[in-house]
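# A look at the structure
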Amino acid sequence: MLTALDHVQLAAPPGSEDLLRRYYTDALGMTELPKPPALAARGGCWFAAGPVQLHVGIEDAFRPAGKAHPGLRVTGIEAYARRLREHGAEVHWDTDLPGHKRFYSHDPVGNRLEFLEPTP
């Protein structure tokens with residue numbers, strides 16, 4: 001029986017950890033989690049905000065996915081979009097999902113992220 005989604009893993013090219021740390025902690029406001037030593041040796045970073053975890057693993061032949069993405073629920077979506085833009089990230093609004101405000105953005109290595117907030 002499934003009980004919860006533990007985390008989502010994204011990929012990134014070798015040597016991109018510092019870029020990722022700045023984006024996920026500064027722009028998104030997440031906290032970096034320490035990786036267990038055996039996994040830390042592989043590179044990459046883990047991040048959390050409340051119960052939400054994103055793991056970014058290193059992939060030698062990295063190529064960002066065109067459509068695949070995590071959908072991240074937020075509150076105060078306009079302010080959150082402004083925060084991302086202030087950190088240099090592009091924000092692309094989409095109105096195709098009824099009952100939600102949402103936008104897409106990309107991390108510094110090209111991973112697509114969806115941010116959404118239900119509307120009353």
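Scope of this entry: the structure provided in the associated data block.

So, how was this worked out
- Residues numbered from 1 in each chain as written.
- Predicted model: local features only at pLDDT ≥ 70, side-chain atom pairs only at ≥ 80, totals over all residues.
- Heavy atoms only, no water.
- Core = buried A, V, L, I, M, F, W, Y, C linked by side-chain atoms within 4.5 Å.
- Buried < 20%, exposed > 50% of the residue type's maximum accessible area, 1.4 Å probe, protein only.
- Helix = DSSP H or I, 4+ residues; strand = E, 2+ residues; numbered from the N terminus.
- Contact = heavy atoms within 4.5 Å.
- Pairing = 2+ DSSP bridges.
- Axes fitted to C-alpha atoms, helices over the stretch in contact; angles between N-to-C directions.
- Phe/Tyr/Trp six-rings, centres within 6.5 Å; stacked < 30°, edge-to-face > 60°.
- Lys NZ or Arg CZ within 6 Å of the ring centre and 35° of its normal.
- Polar contact = N/O pair within 3.5 Å; in protein donor to acceptor, adjacent residues only side chain to side chain.
- Salt bridge = Lys/Arg side-chain N within 4 Å of Asp/Glu carboxyl O.

## Quick look at the nonpolar core
Of all hydrophobic cores here, the largest spans 26 residues; its most connected members are Tyr23, Tyr24, Leu28, Leu84, Phe103 and Phe115. For this core, the secondary-structure elements that each account for two or more residues are β1 (8–12), α1 (17–27), β3 (45–49), β4 (52–58), α3 (77–86) and β8 (112–118). Look past the residues within four positions of Tyr23 in its chain and what remains in contact with it is Leu28, Leu84, Ala89, Ser105, His106, Asp107, Pro108, Leu113 and Phe115.

## A closer look at the sheet that holds β8
Across the sheet, which stays open at both edges, the four strands sit in the order β5-β8-β7-β6 with mixed pairing between neighbours. Unpaired on one side and paired on the other, β5 (71–73) and β6 (92–94) mark the two borders of the sheet. Strand-to-strand twist across the sheet, computed as the mean angle between neighbouring axes with direction ignored, equals 30 degrees. Relative to strand β7 (residues 100–106), β6 is paired through three bridges, and the arrangement is antiparallel. When the sheet's bridge partners are listed, His92 is paired in β7 with Tyr104. Lying over the sheet, α3 contacts β6, β7 and β8, oriented at roughly 15 degrees with respect to β7.

## Regarding the sheet that holds β1
Strand order in the open sheet made by the four strands is β1-β4-β3-β2, with mixed pairing throughout. For this open sheet the edge positions go to β1 and β2 (31–33), each flanked by a neighbour on one side alone. Recorded for the sheet is a direction-independent mean angle of 30 degrees between the axes of neighbouring strands. Pairing of β3 with β4, which is carried by five bridges, proceeds in the antiparallel orientation. Counterpart to Trp46 in the pairing with β4 is His55. Relative to the sheet, α1 contacts β1, β2, β3 and β4, its axis offset from that of β3 by approximately 0 degrees.

## What to know about the packing of aromatic side chains
Counting across every chain of the model gives five aromatic pairs. Seen from their ring centres, Tyr23 and Tyr24 are 5.0 Å apart, and the 85 degrees between their planes marks the pair as edge-to-face. Among the residues examined, Tyr24 registers a relative accessible area of 0% and is labelled buried. By the ring-pair criterion, three or more aromatic residues cluster together here, those being Tyr80, Trp93, Phe103 and Phe115. For the cation-ring pair, Arg112 lies above Tyr104, with the distance from its terminal atom to the ring centre recorded as 3.9 Å.

## Some remarks on the environment of Tyr24
Within the secondary structure, Tyr24 is located in helix α1. A C-alpha to C-alpha distance of 9.6 Å links Tyr24 and Pro108, two positions 84 residues apart in sequence. A distance of 2.7 Å separates polar atoms of two side chains, one belonging to Tyr24 and the other to Asp107.

## Quick notes on the pattern of salt bridges
This structure, assessed with the given rule, holds five salt bridges. Put simply, Glu32 and Arg21 hold a salt bridge, and the shortest N to O gap is 2.9 Å. Of this pair, Glu32 sits in strand β2 while Arg21 is found in helix α1, placing the two residues eleven residues apart along the sequence. With a relative accessible area of 29%, Arg21 lands in the partly exposed category. For Glu78, the salt bridge is made with Lys101, and the minimal N-O distance between the two is 2.5 Å. In this pair, Glu78 is assigned in helix α3 and Lys101 in strand β7, connecting sequence segments 23 residues apart.

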